[in-house]
Structures are given as structure tokens and as C-alpha cells.
Amino acid sequence: MKLFIDTANLEEIKRANSYGILDGVTTNPTLLSREKNEPMSQLKKICEIVDGPVSAEVIALDAEGMIKEAKERAKIASNIVIKIPCTVDGLKATKELKSLNIKTNLTLCFSPSQALLVAKAGATYVSPFVGRLDDISTEGMNLVDDIKLIYENYGIPTQIIVASIRHPLHFVESARIGADIATVPFAVIEKLMKHPLTDIGIEKFLDDWKKLKGNLQKK
Ligand code: E4P
């Protein structure tokens, strides 16, 4: 499973990238608004750090406007992917962008029927939002399960990006289901390698090593 970082913060992207395990970035208008920079220049900076796909969302709600904005954003860098909401106009824009060889990530996906239709329109990626479903007492991961089953039934090439991840179990469950990608906030990425038994184990090994050295010196 590929790991994307869900942020527009350059420091977080640089740090996660330095771990050697980062495959791409997803942004959205909310994440970009936290950075206070001009969004297009922020996206350009992100694309300079990461070689993998970087999702940049459109603001327009009509297909024509989405296509216009997508063409502008696609000029930022060759690894830009256009994020489009799962709406009827989003379908139309996706179909047109596919014919122009512009990659798309269909965002705000909350149902298997949306996932099937965006795939039919030619979406490169679909982003089911698991955390926001959990927030309304609906099992978010069940949606990922359903999409995976449907895509496998028909050999659909659209890749599943599990989005709106809130904790490490969302990440692990995504891998169990066989999602293609998980896009994870930096704070959750940091938790993925943490284990108290690892820390306790290191402390004990270092302690025993010091004792051994001390004993050898006494001899
Ligand atoms: C993904 O592409 C979205 O940017 C993101 O995962 C949304 O997460 P949230 O529900 O925590 O805002």
C-alpha cells in the first residue's frame, strides 16, 4: 500500500519525505488555508519536494469551471493530480480530463455508487472519507471494503485512496482490505512507528551494554 501525506505544510512534507516512505501528497482548500501562502505557489513548492502525485482541488462547482481550473493547476507541475468532488458535474469534468490525459482524484466520496460512477467516468483515484463517516456513527471502513469488492468484480483500474484517516487503525485496516493508498496526516504518520515495547527494549539493551562495558573495565 502506498502512503501519501494529507497536508499542505512544507515542513511536515519534508520530514515525512526524509523517512524514505512517502509516495505522494493530498491537499484540500482547508489544508491550504492553514498555510497562509498563495495556494498555487504553495502547491508548486510541494511538487518540488515530492516526486509522487500531489492532489490539488478545484473550487468551481460546474464542469466547465472545473475543467478550466484543472488545466491551470495541471500546469504547476507534471505530478499534479486534479481533485474533483463526487458530483454530476464532477463526473463530466472527469470524463473530459481523462481524454486530455489529466489525472483526477475524485474526493468527498461517501458511497459505493459514487465510487462506481466516478470509475466509469475515468477517475484515476477515488477518495472515500472514512473519518467523516465514523463521525456520524457509520463505519467508514465498510465503504472501503465495498469499493474494493466492486472494483475487483469488474477489474476497474481506479485506485482507492483511503482519506480522512484519524488514527493508525484506519491505516492498518486499509492495508488489510487491500486499498491502493492511504493518505495520512503527519501526526498519525508519526504514530505508525511508535511502540512502547520498542522504546523499553532499546533502553534495556543500552543499559545492559553499559553494564557489560563497566564489568570489562573492572577486569
Ligand atoms: C483527503 O484527500 C482529504 O484532504 C482529507 O483526508 C480530509 O480529512 P478530514 O476529514 O480529516 O478533513
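Above: the structure in question.
All values reported here derive from a predicted model rather than from experimental measurement.

Draft legend 1. Spatial organisation of the packing of aromatic side chains. All told, the structure shown has two aromatic pairs when counted by the stated rule. Relative to Tyr125, the ring of Phe4 has its centre 6.5 Å away and its plane inclined at 70°; by these criteria the two rings are edge-to-face. In this pair, Phe4 sits in strand β1 (residues 2-6) while Tyr125 sits in strand β6 (residues 125-128), placing the two residues 121 residues apart along the sequence. Judged by its relative accessible area of 2%, Phe4 falls in the buried class. A residue is classified by how much of its surface remains accessible, and Tyr125, at 7% relative accessible area, is buried.

Draft legend 2. Representation of the packing of helix α1 (residues 10-18) against helix α3 (residues 39-49). Two numbers describe how α1 lies on α3: the axes approach to 10 Å, and their chain directions differ by 10°. Classed by the angle they form, the pair α1 and α3 counts as roughly parallel. Together, Leu10, Ile13, Lys14 and Asn17 of α1 and Gln42, Lys45, Ile46 and Ile49 of α3 make up the contact between the two elements. The class makeup of the residues in the contact of α1 with α3 is four nonpolar, two polar and two charged.

Draft legend 3. Representation of the site of the ligand within the structure. Inspection of the region around the ligand gives Asp6, Thr26, Asn28, Lys83, Phe129, Arg132, Ala163, Ser164 and Arg166 as its neighbouring residues. A distance of 2.7 Å is found between an oxygen atom of the ligand and a side-chain nitrogen or oxygen belonging to Asn28. For the ligand, whose free accessible area comes to 350 Å², the fraction covered by protein is 85%. Looking at the shell around the ligand residue by residue, the classes come out as two nonpolar, three polar and four charged.

Draft legend 4. Expanded view of the environment of Ala16. Mapped onto the secondary structure, Ala16 falls in helix α1. Considered as a pair, Ala16 and Thr26 are 10 residues apart in the sequence and their alpha carbons are 13 Å apart. Apart from residues no more than four positions distant in its own chain, Ala16 is found in contact with Ile5, Ile21, Leu22, Phe186 and Ile189.

Analysis parameters
- Residues numbered from 1 in each chain as written.
- Predicted model: local features only at pLDDT ≥ 70, side-chain atom pairs only at ≥ 80, totals over all residues.
- Heavy atoms only, no water.
- Phe/Tyr/Trp six-rings, centres within 6.5 Å; stacked < 30°, edge-to-face > 60°.
- Helix = DSSP H or I, 4+ residues; strand = E, 2+ residues; numbered from the N terminus.
- Buried < 20%, exposed > 50% of the residue type's maximum accessible area, 1.4 Å probe, protein only.
- Axes fitted to C-alpha atoms, helices over the stretch in contact; angles between N-to-C directions.
- Parallel < 35°, antiparallel > 145°, perpendicular 65-115°, else oblique.
- Contact = heavy atoms within 4.5 Å.
- Nonpolar A, V, L, I, M, F, W, Y, C, P; charged D, E, K, R; others polar.
- Near = heavy atom within 4 Å.
- Polar contact = N/O pair within 3.5 Å; in protein donor to acceptor, adjacent residues only side chain to side chain.
- Areas by Shrake-Rupley, 256 points an atom, 1.4 Å probe, with all protein chains shown as cover.

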